Amino acid sequence: MISCNDNMRWVWYGAVPSSLRTAVRVLLSVLFPAALCAIFCGCHRSVDVSTMCDVPPGGWSAPVSVCYDNTDTTALYTLSFAVRHNGVAGGELRADVMFTAPDSTTFTERVVLPLREHRRSATVALVESVPYRREVHLRQSGRYTMVITPENEVRGIESVGLLFDKE
């Protein structure tokens, strides 16, 4: 049994083998720093900005426009094409992404996203993404506009957009 005495020190009561005490100390000395590292060192994927747009549930065929207001002109980003869906029958989604900078510079790219078959309840949607540009430097501050157009009509898609991850 473990108890806290008046001096706020943890005290072991009863017959506890020294090997157990040693095992607990070793475990805490390893797990505690690992947990701190995971929390403070970013051992998880964090999405800095997500720009998504809902699409008609009956089928997505029309172009969708999403915007990103850039204020950090020194950061590098990884841009990922993302789709939230529920019940897509698998296959792949092909779409054109037209990227327009604040100075009206425009370029278009084809993005292919493999979709896994997903059969869950309507309240649990699956978000899938694929990076299509790494180490992107948005040199201008202002509004960047992305127009996403599917190659053909797609059913089961709830929303589409881009994820901006700072590197």
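Residues numbered from 1 in each chain as written. Predicted model: local features only at pLDDT ≥ 70, side-chain atom pairs only at ≥ 80, totals over all residues. Heavy atoms only, no water.

A. The arrangement of the overall build of the protein chain in detail. Looking only at helices and strands, one finds one helix and 10 strands in the protein chain. Counting from the amino terminus, helix and strand elements in the protein chain follow one another as β-β-α-β-β-β-β-β-β-β-β. In the protein chain, of all internal contacts separated by at least 6 residues, the share reaching a separation of at least 24 is 75%. Accessible area for the protein chain stands at about 10500 Å²; split by element, carbon and sulfur atoms hold 55% of it. (Helix = DSSP H or I, 4+ residues; strand = E, 2+ residues; numbered from the N terminus. Contact = heavy atoms within 4.5 Å. Areas by Shrake-Rupley, 256 points an atom, 1.4 Å probe, with all protein chains shown as cover.)

B. Region of interest: the layout of surface pockets. The calculated volume of the largest pocket comes to roughly 210 Å³. If you go around the largest pocket, you meet 13 residues; those closest to its centre are Phe 99, Phe 107, His 137, Leu 138 and Tyr 144. The leading source of residues in the lining of the largest pocket is strand S8 (residues 126–137), at four residues. For the lining of the largest pocket, a count of residues per class yields eight nonpolar, three polar and two charged. (1 Å grid on protein atoms, 1.4 Å probe; cavity = no way out; pocket = protein on both sides within 12 Å on 5 of 7 lines; lining within 4 Å. Points joined across faces, edges and corners; volume = space filled by probe spheres on them. Nonpolar A, V, L, I, M, F, W, Y, C, P; charged D, E, K, R; others polar.)

C. Representation of the sheet that holds strand S9 (residues 142–150). Spatial strand order, S4-S9-S6-S7: four strands in an open sheet with antiparallel pairing. Two strands bound the open sheet, and with one partner strand each, they are strand S4 (64–70) and strand S7 (106–115). Going from strand to strand, the sheet's axes swing by 25° on average, the running direction of each strand aside. (Pairing = 2+ DSSP bridges. Axes fitted to C-alpha atoms, helices over the stretch in contact; angles between N-to-C directions.)

D. The pattern of salt bridges, seen in detail. One pass over the full model with this rule turns up eight salt bridges. A salt bridge links Asp 72 to Lys 166; its shortest N-O distance comes to 3.2 Å. On the criterion of sequence distance, the pair formed by Asp 72 in the loop between S4 and strand S5 (76–85) and Lys 166 in strand S10 (residues 157–166) is long-range, its members being 94 residues apart. Two residues, Glu 151 and Arg 110, come together in a salt bridge whose shortest N-O distance is 2.6 Å. Of this pair, Glu 151 sits in the loop between S9 and S10 while Arg 110 sits in strand S7, and the two are 41 residues apart along the sequence. For Glu 151, a relative accessible area of 46% corresponds to the partly exposed category. Residue Arg 110 is classed as partly exposed on the basis of its relative accessible area, which comes to 42%. Within this structure, Asp 54, Arg 84 and Glu 158 form a network of salt bridges that share partners. (Salt bridge = Lys/Arg side-chain N within 4 Å of Asp/Glu carboxyl O. Buried < 20%, exposed > 50% of the residue type's maximum accessible area, 1.4 Å probe, protein only.)

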